[in-house]
Structures are given as structure tokens and as C-alpha cells.
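Observations on the model geometry
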Amino acid sequence: MGLDNVAVQWPRTGRFYDPVAPAEFVDFADLAEQPATAAPTAALAGHIARTGTVRATAYTEVVDLLLGLKGVLYATEAAEEDEDPVIDPDGCAWIAGGLEKFVAGHTPFGDTVTFDSVAAVLRAALTDSRLSEQQLRWLDQRLDALREETDGDPQWSFPLSEFAVLAQFYRRCADRGFAVYAES
């Protein structure tokens, strides 16, 4: 089946989370209909516009690497603490901010997101950081672990615009006070 990140009302009322009406995301359809939009980006934007949901399975490894945690889109931290796999609006803002920084940092590396380009963006960002040697060692360990899991480099190939749309989804949730329910 896979993982869906569903925009929901925050906080929940009653026993269940109420899904956000897709009308809150209707403008994503404009992105999907632009002729220059890459097909995967158009598919993501169109799905968000129709459902208020991101099919997040394809992005989990990349997002975990970018944000430095495991299970970010699965809301595993919230699952242990709250018993519900929910990313609150502040968490959505954090995810959006990380993805926005990644998109901006990836621009010099081209329009296609690959394992190598993600590594290059992260190395460039960490090189000037306060604890760069320690963080670069962590990055190398994480990259090696991903290689071991996949018997070589993960075969990521995404249009950069797809990550921009993903960031916009989480930013919309944060700005409007929505949460994201991780449904698998």
C-alpha cells in the first residue's frame, strides 16, 4: 500500500482527525496544468489538489537523510508520544523549511535530484557549519548505511520541482494550522 500524508484539522476533535477539504489545496492544480511542469511534479501537484494528500512513500529515505532523522514522514516521534502518527503544524513548518533549503541549495546542481546530488548539497551545507567535521562524518556514515540497504547507491531520480511542491504542501499545512496524519 504505502504511506500517505493526509492534511487534517488540528487539533483533533473527538476520537478522529477530520481531513482537510481538498479545496484548501485547489491551487496546486495550477502547477499540475502548466505545460512546462515535469510529469512526476504534475502528478504530485494534481493528487494534492484532488485529495489534500501526499503519497509519501517515495520520499521517505530522501527526507530522512535531508532532515537527519528516521521516520520523519511516518511521524514516528509523535506515534510514541501521542499514540497518533501526526505531524503537528510546527513539525510541518520544520519539514517545509528543510525542504525549501534543500531546493535552494540544489539549484546549482541541476534539475534532477539523485543520490549523488543530495550528498553534494548536504556536503556543501555542512562544510561551513560549526561542527563540520563531526557532521560530515555523520553524513558519510548515513550515506554508507543507505548504500548497504540498497546494495549500492539508491536509485533516486526526482525532478527538483517535485521537492518544491512537497515543500509547498507542508508549508500550506503549517501556515493554515493543519496537521498531517501519517496513514500507512
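Provided above is the structure to which this section pertains.
The present account deals with the structure reproduced in this document. As the structure is a computational prediction, the values presented were derived from the model and not from experiment. (Residues numbered from 1 in each chain as written. Predicted model: local features only at pLDDT ≥ 70, side-chain atom pairs only at ≥ 80, totals over all residues. Heavy atoms only, no water.)

1. Section: the overall build of the protein chain
Each helix and strand in the protein chain was counted, giving 8 helices and 6 strands. Structurally, the protein chain occupies a C-alpha span of about 45 × 45 × 30 Å along its principal axes. A total of 184 residues make up the protein chain; the buried ones form 45% of that total. Within the protein chain, residue pairs in contact and separated by at least 24 positions form 70% of the contacts whose partners lie at least 6 positions apart. A total of about 9800 Å² of accessible surface is found on the protein chain, and carbon and sulfur atoms cover 50% of it. Charge separation in the protein chain, taken as the distance between the mean sites of 14 positive and 30 negative side-chain charges, equals 2 Å. (Helix = DSSP H or I, 4+ residues; strand = E, 2+ residues; numbered from the N terminus. Buried < 20%, exposed > 50% of the residue type's maximum accessible area, 1.4 Å probe, protein only. Contact = heavy atoms within 4.5 Å. Areas by Shrake-Rupley, 256 points an atom, 1.4 Å probe, with all protein chains shown as cover. Lys, Arg positive; Asp, Glu negative; His and termini not counted. Charge placed at Lys NZ, Arg CZ, Asp CG, Glu CD.)

2. A few points about the nonpolar core
Side chains of a nonpolar character, in soluble globular proteins, are inclined to be buried together. Ranked by internal contacts, the top residues of the largest apolar core, which has 51 residues, are F163, F169 and Y170. Per element, the largest residue contribution to this core is 9 residues, and it comes from helix α8 (residues 160–175). In contact with F163, other than residues within four places in its own chain, are Y59, V62, L99, F102, V103, V113 and F158. In terms of nonpolar packing, the next biggest core, distinct from the first, is built from 5 residues, V6, V8, V86 and A179 among them. (Core = buried A, V, L, I, M, F, W, Y, C linked by side-chain atoms within 4.5 Å.)

3. Here's the deal with the packing of helix α5 (residues 89–106) against helix α6 (residues 115–127)
At a minimum axis separation of 10 Å, α5 and α6 run at an interaxial angle of 100°. For the element pair α5 / α6, the angle class is roughly perpendicular. Along its contact with α5, which presents F102, G105 and H106, the element α6 presents S117, V118 and V121. (Axes fitted to C-alpha atoms, helices over the stretch in contact; angles between N-to-C directions. Parallel < 35°, antiparallel > 145°, perpendicular 65-115°, else oblique.)

4. Quick look at the packing of aromatic side chains
This structure, assessed with the given rule, holds 10 aromatic pairs. Each ring, one from F25 and one from F28, has its centre 5.9 Å from the other, and the planes form 65°; the classification is edge-to-face. Aromatic side chains F169 and Y170 sit 5.1 Å apart centroid to centroid with 85° between the ring planes, which places their arrangement in the edge-to-face category. The exposure class assigned to F169 is buried, which follows from its relative accessible area of 0%. (Phe/Tyr/Trp six-rings, centres within 6.5 Å; stacked < 30°, edge-to-face > 60°.)

5. So, α5
Helix length check: α5 (18 residues) gives 25 Å between terminal C-alpha atoms against 26 Å at 1.5 Å per residue, within 8%. Listing the buried residues of α5 in full gives P89, G91, C92, I95, A96, G97, L99, F102, V103 and H106. Where α5 is buried, its residues contact α3 (60–67), β3 (86–87), β4 (112–113), α6, α8 and β6 (178–183). (Expected span 1.5 Å × (residues − 1).)

6. A look at the sheet that holds β6
Strand order in the open sheet formed by 4 strands is β2-β1-β6-β3, and the pairing between neighbours is antiparallel. In this open sheet, the two strands that pair with only one neighbour each are β2 (53–55) and β3. Alignment of β3 against β6, held across 2 bridges, turns out to be antiparallel. Following the sheet pairing, V86 is matched in β6 by Y181. (Pairing = 2+ DSSP bridges.)

7. Here we look at the environment of T114
Here T114 is to be found in the loop between β4 and α6. Along the backbone, T114 and V62 are 52 residues apart, and their C-alpha atoms lie at a distance of 9.4 Å.

8. With respect to the pairing of strand β1 (residues 4–9)
Within β1, 5 of the 6 residues are buried, leaving the element largely enclosed by the surrounding structure. Where β1 meets β2, 3 bridges bridge the pair, whose relative direction is antiparallel. What sits directly across from N5, in β2, is V54. In this sheet, β6 lies alongside β1 in antiparallel orientation, the contact comprising 6 bridges. Opposite D4, over in β6, you have E183 as the bridge partner.

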